[in-house]
Amino acid sequence: ESATWRNAFLYGAQELRQGVNPQRAGNGAPDMVRALTPSMFFDYLAVRIDALKAADEDLRINWRFTDLEQEHALTLRHGVLTHRSGARHAQADIELSMSKALLDRIALKQTSFTQATKDGAIVVSGERQKLFKLLGGLEQPKSNFNLVTP
């Protein structure tokens, strides 16, 4: 018996007896959020894309992290977000520049993307409305889903 399966069975039994806990989960542990590499963050972002809403979108973003001196090329096409580290699009719809530390603060909900852009901490050039449409259309993960009950 492994701990993973034991925990799943115990949680399922608790759900059957008490129902799903309506309490929302937090934003994640600050240490965990800070430990995410940009590639991991973009993978997480890709999971949150609503594929049906983004099916007709065609978007190319060059994302630069100033403190890490890293470039990332993001592509949203047919509802799928992909990224390449250390690459740039020759013709991007959006050029975005910010620090990884600021991205961590946004992920921890200590500030917002919109506010950081207004403050000048994020430099965005190109079709800004496409970027804000993308960010506004991300699905919010449900933390209190049913595990065993329908």
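Just above sits the structure.
The model shown is predicted, which means the values in this text are computed figures rather than measured ones.

S.K.: Explain the packing of aromatic side chains to me, and be specific about the residues and the numbers.
M.R.: Tallied over the entire structure, the rule returns 7 aromatic pairs. Arranged with centres 6.1 Å apart and planes meeting at 40°, the rings of Phe42 and Phe65 form a pair that is tilted. Of the two residues, Phe42 sits in helix H3 (residues 38–47) while Phe65 sits in strand E1 (residues 58–65), which places them 23 residues apart along the sequence. Taken together, a centroid distance of 6.0 Å and an interplanar angle of 75° make the contact between Phe113 and Phe132 edge-to-face. Here Phe113 is found in helix H5 (residues 113–118), whereas its partner Phe132 is found in helix H6 (residues 128–136), with 19 residues between them in sequence. Note on Phe113: relative accessible area 10%, which makes it buried. Ring pairs connect the aromatic residues Phe41, Phe42, Trp63, Phe65, Phe113 and Phe132, which therefore count as one cluster.

S.K.: Can you lay out the sheet that holds strand E4 (residues 94–98) for me, pointing to particular residues and giving the numbers?
M.R.: Either a parallel or an antiparallel arrangement is found when strands of a sheet pair, and the pairing is made through backbone hydrogen bonds. Strand order in this open sheet of 5 strands is E3-E2-E1-E4-E5, and the pairing throughout is mixed. Of all strands in the sheet, those with a lone pairing partner are strand E3 (80–85) and strand E5 (123–126), marking the two edges. Strand-to-strand, the axes of this sheet are offset by a mean angle of 15°, without reference to chain direction. Note that E1 and strand E2 (residues 70–77) share 8 bridges and pair antiparallel. Within E2, the position partnered with Trp63 by the bridge is His72. Its contacts with the sheet put H3 on E1, E2 and E3, and the angle it makes with E3 is roughly 170°. On the sheet, H6 packs against E1, E2, E4 and E5 and is oriented at approximately 90° with respect to E1.

Criteria and cut-off values
- Residues numbered from 1 in each chain as written.
- Predicted model: local features only at pLDDT ≥ 70, side-chain atom pairs only at ≥ 80, totals over all residues.
- Heavy atoms only, no water.
- Phe/Tyr/Trp six-rings, centres within 6.5 Å; stacked < 30°, edge-to-face > 60°.
- Helix = DSSP H or I, 4+ residues; strand = E, 2+ residues; numbered from the N terminus.
- Buried < 20%, exposed > 50% of the residue type's maximum accessible area, 1.4 Å probe, protein only.
- Pairing = 2+ DSSP bridges.
- Axes fitted to C-alpha atoms, helices over the stretch in contact; angles between N-to-C directions.
- Contact = heavy atoms within 4.5 Å.

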